[in-house]
Amino acid sequence: MTDSKYFTTTKKGEIFELKAELNSDKKEKKKEAVKKVIASMTVGKDVSALFPDVVNCMQTDNLELKKLVYLYLMNYAKSQPDMAIMAVNTFVKDCEDPNPLIRALAVRTMGCIRVDKITEYLCEPLRKCLKDEDPYVRKTAAVCVAKLHDINAQLVEDQGFLDTLKDLISDSNPMVVANAVAALSEIAESHPSSNLLDLNPQSINKLLTALNECTEWGQIFILDCLANYTPKDDREAQSICERVTPRLSHANSAVVLSAVKVLMKFMEMLSKDLDYYGTLLKKLAPPLVTLLSAEPELQYVALRNINLIVQKRPEILKHEMKVFFVKYNDPIYVKLEKLDIMIRLASQANIAQVLAELKEYATEVDVDFVRKAVRAIGRCAIKVEQSAERCVSTLLDLIQTKVNYVVQEAIVVIKDIFRKYPNKYESVIATLCENLDSLDEPEARAAMIWIVGEYAERIDNADELLESFLEGFHDESTQVQLQLLTAIVKLFLKKPTETQELVQQVLSLATQDSDNPDLRDRGYIYWRLLSTDPVAAKEVVLAEKPLISEETDLIEPTLLDELICYIGTLASVYHKPPSAFVEGGRGVVHKSLPPRTASSESTESPETAPAGAPSSEQPDVIPTQGDLLGDLLNLDLGPPVSGPPLATSSVQMGAVDLLGGGLDSLMGDEPEGIGGPNFVAPPAAAVPANLGASMGSGLSDLFDLTSGVGTLSGSYVAPKAVWLPAMKAKGLEISGTFTRQVGSISMDLQLTNKALQVMTDFAIQFNRNSFGLAPAAPLQVHAPLSPNQTVEISLPLNTVGSVMKMEPLNNLQVAVKNNIDVFYFSTLYPLHILFVEDGKMDRQMFLATWKDIPNENEAQFQIRDCPLNAEAVSSRLQSSNIFTVAKRNVEGQDMLYQSLKLTNGIWVLAELRIQPSNPSFTLSLKCRAPEVSQHVYQAYETILKN
């Protein structure tokens, strides 16, 4: 008879009846009653009133009854902590029961009762169970330590359980070893700094021995632990790989992926000319292929992991293309993932079969899949040069099908093929032009316009085609408008006599009728170029384009290396590091592959070298905030931090693209030479009227600069404020402010003794802060500070201290010590003390950087009630190291373009709009670390209003 009957009764007054049955003398009746209680608990009824009666049933030899009672206890101990203490004696007794199953059950239940009051009573039984003669009890106790650590970490450390766990790694039973490793890994994850799993060759050897005899989950724990170990040389790496390889044939896919992770990591240390390296590559392919015969959900996880493996080592699966061919009944998510891997594996050897497959896919019914298949054909053409011709003819066949979305995708990829192979396949342009009317997606329209503009000289009616797009110019998306503007300017430069009117029309649409700044700026710069120097215009607009590279969607190499260390986890499915999706970041450690050994480095072939590592480092973005007061001043007030100032790393810049949007309209002055017989100059609004110099030098006078070099007057200094009142510091009052004079920062302090005793032995220390501010010399108060005496001190600071992101960013926590006590206070320093003297950016660099920084990093602020004019603003800001790079006047508005650099190398770019009659200014800031923008704005306000 089944236990389902216990779930069917819902009588009234049931609790009372159950109470009577639980106290019955008959064992069978007791057991029935406990089963009914558990059934009620399972369906969500509150049976906590029966707690004492159920706990009484613990005194039994019947294992089934004991399990049921323990189940009840786990559920209700939290809500009835006082009563749960009644059960402690039974636990202690059960931990010494002759039956190992009961001992293990007791220790398992103890770990699940998350009640603080009880935990200390459980230490003794747990200690005994960790040294139990039965391995089943020891393995259960190992997991219990991890659970106890989660409830009360300090208790576990004090009781020495962590050392006992480490000893269990040498246990003779493989399951005990696996559970000990699992428990230590779990504890280490929540305390990344503790070196709990101190792995050495001896302990690794024990783990590898246990690996063969564990259950599958035990094997996963051990493999994950091995993956965190870095072998001392390539011989040790090879010996570990040899012993892990048999796991690849395991039936459990999680074991297989964990083994792949270990091998992928240790292969980094093996030389590529070793025979074993080749053998290992061959052994890795079959298990990965086998994973693809599982159910779709598992296939997807396997494919996401394979995608990473193929990017790191394509040679592993280069002969396995066929397994990635799509089956008709694959779900769409599997199809798209397979398609991605097919393109990554495409090579000259297999391109014919790949193209045949892709052409087949392009006739499927699923629109998303078809689009991706058509794009894949284009990617193959770019990746495998020998196949380009075949790919183009395949794409033309698809265009002939006249299926709208197929045609549009084909045109988008053909544009890329033209970029990769110029002057090779232009014969197909006529076919593309036939499909102009059917294009309704912005990307396809933009691609087609680019093709018409780029090859205008080969298309007889190019002007008519572009004119047809111009009719609905304002209804088009920005992408299409920008392409149309550039294409018509290209057409004008190629056929100036026939397209005068067309180019006039598009320039006035872009500059006068549009409110998009990118479009306007691009329109103005073309207008200026064409009207002043058509030769320069030709060189800029019709310049040779760089060839596009084959793989644009590869994961960045350092991220790829980190993700390889997370194979078989959620990070490998998301293709993001854990820190990107684990909330709170607790226990997230950045992992990386072991360094290559010298022997393997020399043989690394050029094609496997990681794709272009960045040549110059980005400035350090401020590290995230840790435990604020955790290490606040262990006041061993030693000598101050001193040393060379931090080298400020250079900011990476893209090449200046004069056709891009952004600040390109920072032009010189009135045009003189005109680009054609009837060419009209741009409207007055676009031309700064205040400049009289001629612009014969073309683009050389792009900016008009009025500002001189930095002055030495020093930046604005705020009046002193009380930082530490006397009542909080036993009579010591501290006031202060911060100053920056000719490159050195200081903290100007005023110490007043309002106590009745003399103060001596002063010392000062700063907590870690966002910009590494630290005292550069000891706090020197030369004579004892008598009652009612005040002394002024200037404490020099540097920025080479420890860095930790604070909230707010400019918060500084300070400790001051004297003969009476240690006092703490915090203050906010103004950010302009960190603006360095070499913060003036070159004009071209400014343009490129403004464009390079994403638009979402731009912040806008209003500075109100500031009666200064542009000249006064510029010189006042310059004295605080905010430099004016360029100045122009638009419609009576003065525009100042400014740059500043912080001590840690972060650049901030600014655009300040000043209307002569209006005391409110608009400040736009762009920075790679947007969190500093608010504080930079506050610095502007402070400097301009004081």
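Residues numbered from 1 in each chain as written. Predicted model: local features only at pLDDT ≥ 70, side-chain atom pairs only at ≥ 80, totals over all residues. Heavy atoms only, no water.

Further remarks concern the overall build of the protein. Within the protein, the secondary structure is distributed over 37 helices and 13 strands. For the protein, buried positions account for 52% of its 946 residues. Sequence separation of 24 or more characterises 70% of the internal contacts of the protein that already satisfy a separation of 6 or more. In the structure as shown, the protein presents an accessible area of about 42,700 Å², 51% of it carried by carbon and sulfur atoms. (Helix = DSSP H or I, 4+ residues; strand = E, 2+ residues; numbered from the N terminus. Buried < 20%, exposed > 50% of the residue type's maximum accessible area, 1.4 Å probe, protein only. Contact = heavy atoms within 4.5 Å. Areas by Shrake-Rupley, 256 points an atom, 1.4 Å probe, with all protein chains shown as cover.)

Evaluation of the coordinates by the stated rule reveals 35 salt bridges. The residue Arg344 makes a salt bridge to Asp340 at a minimum N-O spacing of 3.9 Å. In this pair, Arg344 and Asp340 are both assigned in helix α20 (residues 332-345), 4 residues apart and thus about one turn of the helix distant. The partner of Glu733 in a salt bridge is Lys754, with the nearest N and O atoms 2.9 Å apart. A residue pair is termed long-range when its members are at least 10 positions apart, and Glu733 in strand β2 (residues 732-741) and Lys754 in the loop between β3 (744-753) and β4 (763-766) qualify at 21 residues. Since its relative accessible area comes to 16%, Glu733 is described here as buried. Beyond isolated ion pairs, a larger network of salt bridges with shared partners links Arg371, Arg375, Glu409, Glu441 and Glu443. (Salt bridge = Lys/Arg side-chain N within 4 Å of Asp/Glu carboxyl O.)

Ranked by size, the top nonpolar core spans 218 residues in total, and within it Tyr72, Phe91, Leu126, Val244, Leu317 and Phe418 carry the most contacts. Looking at this core, you find at least three residues from each of domain 1 (346-438) and domain 2 (441-532). Ranked by size, the runner-up nonpolar core spans 62 residues in total, among them Ile745, Leu809, Ala859 and Tyr940. (Core = buried A, V, L, I, M, F, W, Y, C linked by side-chain atoms within 4.5 Å. Domains from an automatic or database assignment.)

The next point concerns the environment of Leu211. Within the secondary structure, Leu211 is located in helix α14 (residues 201-211). For Leu211 and Val177, which are 34 residues apart along the polypeptide, the C-alpha to C-alpha distance reads 9.1 Å. Those residues in contact with Leu211, other than ones at most four positions away along the chain, are Gln219, Ile222, Leu223, Arg243, Val244 and Arg247.

Turning next to the packing of aromatic side chains. Tallying each qualifying case throughout the model produces 11 aromatic pairs. When the centroid spacing of 6.3 Å and the interplanar angle of 85 degrees are considered together, the rings of Trp450 and Tyr455 count as edge-to-face. Accessibility assignment for this pair places Trp450 and Tyr455 in one class, buried. Note on Trp723 and Phe825: the rings are 6.0 Å apart at their centroids and 25 degrees apart in plane angle, and the pair reads as stacked. (Phe/Tyr/Trp six-rings, centres within 6.5 Å; stacked < 30°, edge-to-face > 60°.)

Moving on: the confidence of the model for the protein. Of the residues in the protein, 85% have a pLDDT of 70 or more, and the chain-wide mean is 79. Mean pLDDT across the elements of the protein bottoms out in helix α34 (residues 598-602) (43) and peaks in strand β5 (residues 774-775) (93). Within the model, the stretch residues 598-712 combines pLDDT values under 50 with 240 contacts to residues more than four positions away or in other chains. (pLDDT = per-residue confidence, 0-100.)

Note the cis peptide between Glu807 and Pro808, where omega equals -5 degrees. Here Pro808 shows up in the loop between β6 (790-798) and β7 (811-817). Positive phi, close to 50 degrees, is recorded for Lys730, a residue that is not glycine. Along the chain, the position of Lys730 falls in the loop between β1 (721-724) and β2. Exposure remark for Lys730: the relative accessible area of 49% places this residue in the partly exposed category.

We now examine a negative patch on the surface. Taken together, the side chains of Glu464, Glu467, Glu471 and Glu501 make up a negatively charged region of the molecular surface. Among the secondary structure elements, Glu471 is positioned in the loop between α27 (462-470) and α28 (478-494). (Patch = residues over 30% accessible without salt bridge, like charges linked within 9 Å, V, L, I, M, F, W, Y side chains within 5 Å. Lys, Arg positive; Asp, Glu negative; His and termini not counted. Charge placed at Lys NZ, Arg CZ, Asp CG, Glu CD.)

Let us now look at helix α7 (residues 100-112). Here α7 is 13 residues long and its end C-alpha atoms lie 19 Å apart, about the 18 Å a rise of 1.5 Å per residue gives. Among all positions of α7, only Ile102, Arg103, Ala104, Leu105, Ala106, Val107, Thr109, Met110 and Gly111 are buried. Buried positions along α7 lie against α4 (63-76), α6 (88-94), α9 (123-130) and α10 (135-151). N-capping of α7 is provided by Asn99, with a side-chain oxygen placed 2.8 Å from the backbone N of Leu101. (Expected span 1.5 Å × (residues − 1). Polar contact = N/O pair within 3.5 Å; in protein donor to acceptor, adjacent residues only side chain to side chain.)

Ordered by their spatial adjacency, 5 strands build an open sheet running β1-β2-β3-β6-β5, and the pairing between neighbours is antiparallel. Because the sheet does not close on itself, it has two edges, and the strands there are β1 and β5. (Pairing = 2+ DSSP bridges.)

Glancing now at the sheet that holds β7. Remark on secondary structure: sheet strands pair via backbone hydrogen bonds, oriented parallel or antiparallel. Read across the sheet, 3 strands follow the order β4-β7-β8 without closing on themselves; strand pairing throughout is antiparallel. Either end of the sheet is taken by a strand with one partner, and the two such strands are β4 and β8 (822-828). Pairwise comparison of adjacent strand axes, ignoring direction, gives a mean angle of 25 degrees for this sheet. Note: β7 against β8, 7 bridges, orientation antiparallel. (Axes fitted to C-alpha atoms, helices over the stretch in contact; angles between N-to-C directions.)

Between helix α19 (residues 296-312) and helix α32 (residues 557-564), the least distance of the axes is 10 Å, while the angle of their chain directions is 125 degrees. It follows that α19 is oblique to α32 by the angle criterion. The interaxial crossing formed by α19 with α32 has left-handed handedness. From α19, Leu308, Ile309, Gln311 and Lys312 reach across to α32, where they touch Leu560, Asp561, Leu563 and Ile564. (Parallel < 35°, antiparallel > 145°, perpendicular 65-115°, else oblique. Left-handed = near helix turned anticlockwise from the far one by under 90°.)

With that settled, the discussion passes to the side chain of Ser40. As for its position among the elements, Ser40 is in helix α2 (residues 27-42). Those residues in contact with Ser40, other than ones at most four positions away along the chain, are Glu14, Lys45 and Val47.

All right, on to helix α18 (residues 275-291) then. Here α18 has its buried residues at Tyr276, Tyr277, Leu280, Leu281, Leu284, Ala285, Pro287, Leu288, Val289 and Leu291. The inward-facing, buried residues of α18 contact α16 (234-244), α17 (253-267) and α19.

A word on the environment of Leu65. Tracing the chain through its elements places Leu65 in helix α4. For the pair Leu65 and Lys30, spaced 35 residues apart in sequence, the C-alpha to C-alpha distance is 8.6 Å. Ignoring sequence-local partners within four residues, the contact set of Leu65 consists of Lys31, Val34, Cys57 and Thr60.

Counting buried positions along strand β10 (residues 883-890) yields 8 of 8 residues, so the element is predominantly enclosed. Note: β10 against strand β11 (residues 893-901), 7 bridges, orientation antiparallel. In the strand pairing of β11, Phe883 is matched with Ser899. Hairpin geometry of β10 and β11 is characterised by an intervening segment of 2 residues between the two adjacent antiparallel strands and by a positive phi of about 45 degrees at Glu891.

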